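Working through the structure, step by step
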Amino acid sequence: MRHYVTVGILVIVVTILTYAGLYSVDLLPVAASLQAGSINDVGSIDWLWNWELVVMCFLFSLIAVPMFYSFVVFRRRKGDTSDGEHMEGNTNLEIAWTVLPLILVFAFAYMGAYSLGDIRRMDLDAMSIKVRAQQFTWTFEYPEYGFFSNELHLPVDQQVVLKMTSTDVIHSFWVPEFRIKQDVVPGRITEYIVTPTLIGPYEVRCAELCGTSHYNMENAVIVESRANFDIWVAEQVAIAAAAAQTPEGQGQLLAVKNGCSGCHSVDGTRLTGPTWFGIYGADVELADGRTIVVDDAFIIESILDPKAKEVAGFSPTSMPTYATVLTEEEIANIIAYIKTLR
Ligand code: CUA
């Protein structure tokens, strides 16, 4: 009996110490959404996570403490060659280790369902933004304002619902500070409901292995005041309107809309595909050893059939054909845009 009491007290002490230790190292990044909440916010993700952490610390102690206690207290003494005490089952123990975890599992199932219901609740005035994922970037469409962006700007304290789909493989939308993660699947639309509560720059990263540049599938997420958001929207609308006046401007808008920048930088940075900076008119080496001048014909062919002539160092290409996506005129506009990048 003495051993049970000692182990019981030690389990409680080690649980508290483990929890205090883990709590003090800030396991989670800052909470930046209503859904993330806080540990005192019943139904929020951080509240649920905190209780899971408590149970994890307890279960860890429940295994580690009796184990180390036995190592020390019941170790074999020098010269003792006798057999251990013979034991056969313990009905009370078996009932306890069946019923208690069962209660715990049901309790957490209830808490999880409660929390899920809470964070999936949609406001009537939620702002809708369309999200398109593709290898290897995110494109955001603001249907209310009619423009596309590779940055996600969100007004603080406004619930948004992201309607997400993918053009190729499965990706996963994840902003750690918002806590929520949602798969983005080709052929269907998944929803991501979030109410940002903390102004600041964040990053959406892809949380589903989707190809060679999966690690690089990160776009900026900016949570800002309503006033700054309105300014940004007005700027984007003006930029889009001005750009639509010229072929190269339209080409630039198309590059954003179709996510070209996910693989082709416009400043010389090496990404999954060749940079567009200074590429027009330049000589490039192909994977088969030939050298070719980048002209209209080569760019058109590369957009329609990316595998026809692969550039050395970027082969085999993971670029899909855009034959069904872009019209002849749109491709001409994109070429006009590429010509300006030097
Ligand atoms: Cu998209 Cu990983």
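See above for the structure.
Since this is a predicted model, take the numbers as computed values, not measurements.

What follows concerns the overall build of the chain. Helices and strands together make up the secondary structure of the chain, namely seven helices and 12 strands. Computed over its C-alpha atoms, the radius of gyration of the chain comes to 29 Å, more than 25% above the 20 Å expected for a compact globule of 342 residues. Considering only C-alpha atoms, the chain reaches an extent of 90 × 55 × 35 Å along its principal axes. Relative to its 342 residues, the chain shows a buried fraction of 38%. Pairs at least 24 apart in sequence give 62% of the contacts found in the chain among residues at least 6 apart. Of the accessible surface of the chain, which amounts to about 19,700 Å², a share of 62% is contributed by carbon and sulfur atoms. Charge separation in the chain, taken as the distance between the mean sites of 22 positive and 39 negative side-chain charges, equals 7 Å.

Core analysis: the largest hydrophobic core is formed by 36 residues, its most contacted members being Trp138 and Phe173. Contributing elements (two or more residues each) for this core: strand E1 (127-134), strand E2 (137-142), strand E4 (152-155), strand E5 (160-166), strand E8 (190-194), strand E9 (200-206), strand E10 (218-224) and helix H4 (226-243). With four residues, E1 is the single largest residue contributor to this core. If you count residues domain by domain, this core takes at least three from each of domain 1 (2-70 + 95-119) and domain 2 (127-240). Within the second largest apolar cluster, 23 residues are counted, among which are Leu254, Cys260, Val284 and Phe314.

A surface patch of nonpolar side chains, amounting to about 700 Å² of accessible area, comprises Met1, Tyr4, Val5, Ile9, Val13 and Leu17. Judged by relative accessible area, which is 39%, valine 13 ranks as partly exposed.

So, about the sheet that holds strand E7 (residues 181-184). Taken together, the five strands give an open sheet; going across it, the order is E4-E10-E9-E6-E7, and neighbouring strands pair in mixed fashion. Since the sheet does not close on itself, it has two edges, and those belong to E4 and E7, each with one partner. Taking the axes of each pair of neighbouring strands and ignoring which way they run, one obtains an average angle of 25° across the sheet. Sheet analysis places strand E6 (residues 171-174) next to E7, joined by four bridges and oriented antiparallel. Its bridge partner lying in E7, serine 172 is registered against aspartate 183. Sitting on the sheet, H4 touches E4 and E10, and the angle it makes with E4 is about 140°.

We now examine the side chain of serine 265. By the element assignment, serine 265 lies in the loop between helix H5 (247-257) and strand E11 (283-285). With residues up to four places along the chain from it excluded, the contact list for serine 265 reads Leu271, Thr275, Trp276 and Phe277.

On to the environment of proline 196. Following the sequence through the fold, proline 196 ends up in the loop between E8 and E9. A residue is classified by how much of its surface remains accessible, and proline 196, at 0% relative accessible area, is buried. Counting along the chain gives 28 residues from proline 196 to glutamate 224, while the straight-line C-alpha distance between them is 9.2 Å. With near-sequence residues (within four places) excluded, proline 196 lies in contact with Ala32, Ser33, Leu154, Pro155, Val156, Asp157, Gln158, Phe178 and Val223.

Here we have five strands laid out as an open sheet, ordered E3-E2-E1-E5-E8, and mixed in their pairing. Of all the strands in the sheet, the pair left with one neighbour each is strand E3 (147-149) and E8. Strand-to-strand twist in this sheet, taken as the mean axis angle between neighbours without regard to direction, amounts to 25°. Pairing analysis gives three bridges linking E2 to E3, with the strands arranged antiparallel. Paired with glutamate 141 across the strands is phenylalanine 148, a residue of E3. The sheet contacts of H5 involve E1, E2 and E3, and relative to E3 the element is tilted by about 60°.

Scoring rules and cut-offs
- Residues numbered from 1 in each chain as written.
- Predicted model: local features only at pLDDT ≥ 70, side-chain atom pairs only at ≥ 80, totals over all residues.
- Heavy atoms only, no water.
- Helix = DSSP H or I, 4+ residues; strand = E, 2+ residues; numbered from the N terminus.
- Rg over C-alpha atoms; globule rule 2.2 N^0.38 Å.
- Buried < 20%, exposed > 50% of the residue type's maximum accessible area, 1.4 Å probe, protein only.
- Contact = heavy atoms within 4.5 Å.
- Areas by Shrake-Rupley, 256 points an atom, 1.4 Å probe, with all protein chains shown as cover.
- Lys, Arg positive; Asp, Glu negative; His and termini not counted.
- Charge placed at Lys NZ, Arg CZ, Asp CG, Glu CD.
- Core = buried A, V, L, I, M, F, W, Y, C linked by side-chain atoms within 4.5 Å.
- Domains from an automatic or database assignment.
- Patch = residues over 30% accessible without salt bridge, like charges linked within 9 Å, V, L, I, M, F, W, Y side chains within 5 Å.
- Salt bridge = Lys/Arg side-chain N within 4 Å of Asp/Glu carboxyl O.
- Pairing = 2+ DSSP bridges.
- Axes fitted to C-alpha atoms, helices over the stretch in contact; angles between N-to-C directions.

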